[in-house]
Amino acid sequence: MDKDFKMTATTLFGLEGVLAEELKNLGAQDIKEAVRSVSFRGDKGFMYKANIALRTAVRILKPIKVCKIYDEEDLYESIQKIKWENFLDAEGTFAIGAVVNSKNFTSNSHYISLKSKDAIADYFRHKYHKRPNVDLKYPDVKIHIHIQKDWLTVSLDSSGDSLHKRGYRTATNIAPINEVLAAGMVLLSGYTGEENFIDPMCGSGTILIEAAMIANNIPANINRKLFAFEQWKDYDEDLYFTIQESLLKKIRSSHFKIMGFDKAPSAVQKAKANVENANLDEFIGVHHVNFFNSTKEVFGNTTILFNPPYGERLNIDVQEFYKKIGDTLKHNYPGSTAWLITSDTDALKSVGLRTSKRLALKNGDLDCKFVRYDLYEGSRKIKERKPKSDEEE
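Conventions we followed
- Residues numbered from 1 in each chain as written.
- Predicted model: local features only at pLDDT ≥ 70, side-chain atom pairs only at ≥ 80, totals over all residues.
- Heavy atoms only, no water.
- Helix = DSSP H or I, 4+ residues; strand = E, 2+ residues; numbered from the N terminus.
- Contact = heavy atoms within 4.5 Å.
- Areas by Shrake-Rupley, 256 points an atom, 1.4 Å probe, with all protein chains shown as cover.
- Lys, Arg positive; Asp, Glu negative; His and termini not counted.
- Charge placed at Lys NZ, Arg CZ, Asp CG, Glu CD.
- Salt bridge = Lys/Arg side-chain N within 4 Å of Asp/Glu carboxyl O.
- Buried < 20%, exposed > 50% of the residue type's maximum accessible area, 1.4 Å probe, protein only.
- Phe/Tyr/Trp six-rings, centres within 6.5 Å; stacked < 30°, edge-to-face > 60°.
- Lys NZ or Arg CZ within 6 Å of the ring centre and 35° of its normal.
- Axes fitted to C-alpha atoms, helices over the stretch in contact; angles between N-to-C directions.
- Parallel < 35°, antiparallel > 145°, perpendicular 65-115°, else oblique.
- Left-handed = near helix turned anticlockwise from the far one by under 90°.
- Domains from an automatic or database assignment.
- Buried area = accessible area lost by both parts, 1.4 Å probe.
- Polar contact = N/O pair within 3.5 Å; in protein donor to acceptor, adjacent residues only side chain to side chain.
- Nonpolar A, V, L, I, M, F, W, Y, C, P; charged D, E, K, R; others polar.
- UniProt positions renumbered as here; feature names shortened; annotations may be inferred.
- Core = buried A, V, L, I, M, F, W, Y, C linked by side-chain atoms within 4.5 Å.
- Pairing = 2+ DSSP bridges.

Student: Could you clarify how one ought to interpret the overall build of the protein chain in this entry?
Tutor: When helices and strands are counted, the protein chain shows 11 helices and 15 strands. Along the first, second and third principal axes, the C-alpha atoms of the protein chain reach 90 × 50 × 45 Å. Considering only contacts in the protein chain between residues 6 or more positions apart, those separated by 24 or more positions represent 77%. For the protein chain, the accessible area works out to roughly 19900 Å², and carbon and sulfur atoms hold 48% of it. Of the side-chain charges in the protein chain, 56 are positive and 54 negative, and the distance between the mean point of each set is 2 Å.

See below:
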């Protein structure tokens, strides 16, 4: 049996708790949250499973060395002490990414990457009189260098391309939302597929697709062509297919509606193409509808979740636009829970509804608020009014 080892899943700001919960549900051990990352323990099979199934992870790193360092010379020597032939052939290719958060290192992450590359190249040159080449696009092994204060962590990146690249999105609009962020928002909303779901400004359909995968328990990266670990020396293809098969067996069918609207015919077309690529057209309906002219046409509880255009994406009166969002939700969507993300906190004031939750997230470099509105059937006051007692009659 493979031994357990420590791994780190990186994520986006604000999604650490969601990722920790995902890892717990998958069966990870010793889960610890940090900023934009969650560490955990598991075996090789679990590493494969984490890459295929996690919705809010950006990449899964496997540390191969952790030690204290104080300057660039320490960095070089520490990297030279790793037995690189266990992971990489002299004829192979590699790429290095680095993150530096330390007062001891005034040099930027690019310089740290170069210094680390030299250490690995020199290791092979001294030992084998030849060295692996750098290939930034399709390396055999992707190495991640992380310096936090005095601590160096050298990891193998088991994912390769960022895990937000699910493999289903071929058509995009301006500023499409990152798949990891979209999945994180759906999970933060508490949606599980046990009620209807609407994205009223669906763009290229990313939120809809992530919601449908959650509703049907479809692994997030089942459409991916390649993970970096498939090129590792210890890759176990049989184990990989066993893990994949066990995840596919857990797919279920949600019978509630998942619908997307957009007023732009081009967006509707793109969303439909992406839904088809994800093999989810039987679960998702995309319609050419202007949200402001729409009403709730489904019965029962409904989650509404969207990423309305904001900032540079709007050539209209922002306050008026957000006021119309509030009015449409209030008058046309009773019995729903609405969530929206925006970086324009001033515009939020124009919605005119009380938020029942406000969470901080980042969309790219933008600081955003992810807010919830509870839309009651009838007025809230009627709902909460107590029946009078006999004495009060």
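Student: I keep staring at the pattern of salt bridges and nothing clicks. Help me out?
Tutor: Where charged atoms of side chains with opposite charge meet at close range, the side chains can pair. As enumerated under the stated definition, the model contains 15 salt bridges in all. Note that Lys127 and Glu85 form a salt bridge whose closest N and O atoms lie 2.9 Å from each other. Taken together, the positions of Lys127 in helix H4 (residues 109-128) and Glu85 in the loop between helix H3 (72-80) and strand E5 (93-101) put the pair 42 residues apart, joining distant regions of the chain. Overall, the relative accessible area of 45% leaves Lys127 in the partly exposed class.

Student: So what exactly am I meant to see when it comes to the packing of aromatic side chains here?
Tutor: Aromatic rings in a pair are described by how distant their centres are and how their planes are angled relative to each other. All chains considered together, the criterion is met by 20 aromatic pairs. Measuring from ring centre to ring centre gives 5.3 Å for Phe227 and Phe229, while their planes differ by 5 degrees; the resulting arrangement is stacked. As far as the burial class goes, Phe227 and Phe229 line up, both buried. Following the ring pairs from residue to residue traces out a cluster consisting of Tyr48, Phe227, Phe229, Tyr235, Tyr240 and Phe241. Across from the ring centre of Phe5, 4.3 Å away, lies the NZ or CZ of Lys62, which sits over that ring.

Student: Is there a simple way to explain the packing of helix H5 (residues 179-188) against helix H6 (residues 206-215) in this structure?
Tutor: When two helices pack together, their arrangement is given by the angle between their axes and by how far apart the axes lie. Interhelical geometry of H5 versus H6 gives an angle of 55 degrees and a closest axis separation of 9 Å. It follows from the interaxial angle that H5 and H6 lie oblique. Between H5 and H6 lies a crossing whose hand is right-handed. When H5 is examined against H6, the residues Glu179, Ala182, Ala183, Met185, Val186 and Leu187 are found in contact with a partner set consisting of Thr206, Ile207, Glu210, Ala211 and Ile214.

Student: Explain the domain arrangement of the protein chain here, please?
Tutor: It is common to give the size of an interface as the accessible area that goes away when the parts come together. When its domains are assigned, the protein chain resolves into domain 1 (5-157) and domain 2 (179-220 + 233-375). Relative placement of domain 1 and domain 2: their C-alpha centres are 33 Å apart. Counting the surface lost from both domain 1 and domain 2, the interface buries some 2000 Å², and carbon and sulfur atoms represent 70% of this. Linking domain 1 with domain 2 are 2 salt bridges, by the criterion used here. For Asp234, the salt bridge is made with Lys44, and the minimal N-O distance between the two is 4.0 Å. Our enumeration of links across domain 1 and domain 2 arrives at 7 residue pairs in polar contact (both at pLDDT 80 or more). Among the secondary structure elements, those contributing two or more residues to the side of domain 1 that touches domain 2 are helix H1 (16-26) and helix H2 (44-53). Take the side of domain 1 that touches domain 2: its biggest share by element is 6 residues, from H2. For the side of domain 1 that touches domain 2, the residue count by class is 12 nonpolar, 4 polar and 8 charged.

Student: What exactly am I supposed to notice about the UniProt feature "domain: THUMP" (unreviewed entry) in the protein chain here?
Tutor: Summarizing the sequence annotation, UniProt attributes the feature "domain: THUMP" (unreviewed entry) to residues 46-158 in the numbering used throughout. Counted over residues 46-158, helix gives 33% and strand 32%. Its end C-alpha atoms are 12 Å apart.

Student: Sorry, what's going on with the environment of Phe5 here?
Tutor: Here Phe5 is to be found in strand E1 (residues 5-10). Residue Phe5 is classed as buried on the basis of its relative accessible area of 16%. Linking Phe5 and Phe105, residues 100 residues apart in sequence, is a C-alpha distance of 29 Å. Beyond its immediate stretch of four places on either side in the chain, Phe5 contacts Phe40, Arg41, Gly42, Asp43, Lys44, Met47 and Lys62.

Student: For this particular structure, what's the right way to read the nonpolar core?
Tutor: Taken as a class, soluble globular proteins show a tendency for nonpolar side chains to be buried jointly. Among the nonpolar cores identified, the biggest contains 51 residues, and Ile60, Trp84, Ile120, Ile143 and Ile145 are the most heavily contacted of them. No other element matches H2, which puts 6 residues into this core. Ignoring anything within four residues of it in the chain, the contact list for Trp84 reads Ile64, Ile79, Ile120, Tyr123, Phe124, Ile143 and Val154. With 36 residues, the next largest nonpolar core counts Ile177, Ala212, Val286 and Leu305 among its residues.

Student: Sorry if this is basic, but what is going on with unusual backbone geometry here?
Tutor: The backbone of Arg36 shows a phi angle near 60 degrees, a positive value even though the residue is not glycine. The phi torsion at Lys149 lies on the positive side, around 55 degrees, for a residue other than glycine. Mapped onto the fold, Lys149 is located in the loop between strand E7 (141-148) and strand E8 (151-157). We classify Lys149 as exposed; its relative accessible area is 58%.

Student: What exactly am I supposed to notice about the pairing of strand E2 (residues 29-34) here?
Tutor: Consecutive residues of a regular strand have side chains that alternate between opposite faces of the sheet. Both E2 and strand E3 (residues 37-42) contribute to a ladder of 4 bridges, which runs antiparallel. Paired with Gln29 across the strands is Arg41, a residue of E3. Count of turn residues in the E2/E3 antiparallel hairpin: 2 residues, of which Arg36 carries a positive phi of about 60 degrees.

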